[in-house]
Amino acid sequence: MKCALVTGGSRGIGKAICMKMMAMGYHVLINYRQNDVEANNVLQEITDNGGSAELLKFDVADKEEVQQILGGWIDTNTDQQIEVLVNNAGIRDDSLLAWMTDEQWNGVMNTNLNSFFYTTRLVLNSMMMNRYGRIINVVSLSGIKGMAGQTNYSAAKAGVIGATKALAQEVGRQGITVNAVAPGFIKTDMTANLDEKELKTLIPLKRFGLPTEVAYAVGCLAAPEAAYITGQVLSVNGGLYT
Ligand code: NAP
């Protein structure tokens, strides 16, 4: 069975990506950290639509847990291939740098940047043996232009962009592409406390984006036909200047 693993697949952009992966014919591995109800809703929606999926609950920021749960899944499912890995799980914990605590810095780094390392290294092995793979990292406008109040988040996302470009060069010859998608302001729980009315005036398309619009870009990069696109960052931001 060909699988797509989506981290942070229980809500928001990740949920839309899970639905896109289902539509592309993949068995979807829905990762999440804590929200069992929402994760089960995604699972139900996929099966209701004739797709196939399973839940894989682990904290992407926890090296041991990733090794135990994801590593364990890979070891026991040798007949199944993770062809697509979408590193989407992420958090923000904003503060001006002068007031930022160690917990805020480390929490955002672990969840947004270190998680890329923890998950990707486990999945990469079988992709290399299979000589095929699609890795898509969900980054952010903040990681491209930097955002005041988000030094932790901007640094983490910029780090993933660097890792995307480096890994693309490492694994290209094995038929594996590595790209990033950089959303701007997208309507999800993460942006629920932002002043949409004011912020949308800055966006050329004059609105926040939808999770499905990000999932569309991820789906394009995950397609077999995207074989010659690698090491790229695709912005999905309504035309905000980056
Ligand atoms: P969201 O609505 O807050 O959903 C976050 C998802 O990530 C949930 O499924 C959550 O699982 C999961 N998650 C969080 N921490 C996790 C952890 N440690 N381990 C495993 N799963 C974890 O966020 P979103 O807006 O969809 O954002 C998705 C990605 O897009 C993030 O990387 C974010 O930085 C990026 N992004 C978003 C925007 C935007 O405007 N929304 C803009 C730029 C970039 P639970 O349900 O279990 O909590």
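Given the structure is predicted, the values throughout are model-derived calculations rather than measurements.

1. Remarks on helix 3 (residues 63-76)
So, step 1. Helix length check: helix 3, at 14 residues, gives a terminal C-alpha distance of 19 Å against a target of 20 Å (1.5 Å per residue), a fit within 8%.
So, step 2. Looking at the packing, one finds that the buried side of helix 3 touches strand 1 (2-6), strand 2 (27-32), strand 3 (52-57), strand 4 (81-87) and helix 4 (102-130).
So, step 3. N-cap assignment for helix 3: the residue whose side-chain oxygen lies 3.1 Å from the backbone N of Glu-64 is Asp-62.

2. Some thoughts on the sheet that holds strand 2
So, step 1. Read across the sheet, 7 strands follow the order 3-2-1-4-5-6-7 without closing on themselves; strand pairing throughout is parallel. Edge positions in the sheet fall to strand 3 and strand 7 (233-236), since each has one partner strand and no second. Recorded for the sheet is a direction-independent mean angle of 20 degrees between the axes of neighbouring strands.
So, step 2. Relative to strand 5 (residues 133-138), strand 4 is paired through 4 bridges, and the arrangement is parallel. Across the sheet, Val-84 pairs through a bridge with Arg-134, a residue of strand 5.
So, step 3. Contacts between helix 4 and the sheet are confined to strand 1, strand 4, strand 5 and strand 6 (176-183), with strand 4 contributing the most and set at about 150 degrees to the helix.
So, step 4. Sheet strands touched by helix 6 (residues 151-171): strand 5, strand 6 and strand 7. Its angle to strand 6, the strand with the most contacts, is close to 160 degrees.

3. Digging into unusual backbone geometry
So, step 1. Unlike most non-glycine residues, Arg-131 shows phi in positive territory, near 55 degrees.
So, step 2. Inspection of the secondary structure puts Arg-131 in the loop between helix 4 and strand 5.
So, step 3. Relative accessible area serves as the criterion here: at 53%, Arg-131 is assigned to the exposed category.
So, step 4. We note that Lys-206 has phi near 55 degrees; this positive angle belongs to a residue other than glycine.
So, step 5. Locating Lys-206 in the fold gives a position in the loop between helix 7 (196-199) and helix 8 (211-222).
So, step 6. In this structure Lys-206 comes out as partly exposed when scored by relative accessible area, which is 48%.

Conventions and cut-offs
Residues numbered from 1 in each chain as written. Predicted model: local features only at pLDDT ≥ 70, side-chain atom pairs only at ≥ 80, totals over all residues. Heavy atoms only, no water. Helix = DSSP H or I, 4+ residues; strand = E, 2+ residues; numbered from the N terminus. Expected span 1.5 Å × (residues − 1). Contact = heavy atoms within 4.5 Å. Polar contact = N/O pair within 3.5 Å; in protein donor to acceptor, adjacent residues only side chain to side chain. Pairing = 2+ DSSP bridges. Axes fitted to C-alpha atoms, helices over the stretch in contact; angles between N-to-C directions. Buried < 20%, exposed > 50% of the residue type's maximum accessible area, 1.4 Å probe, protein only.

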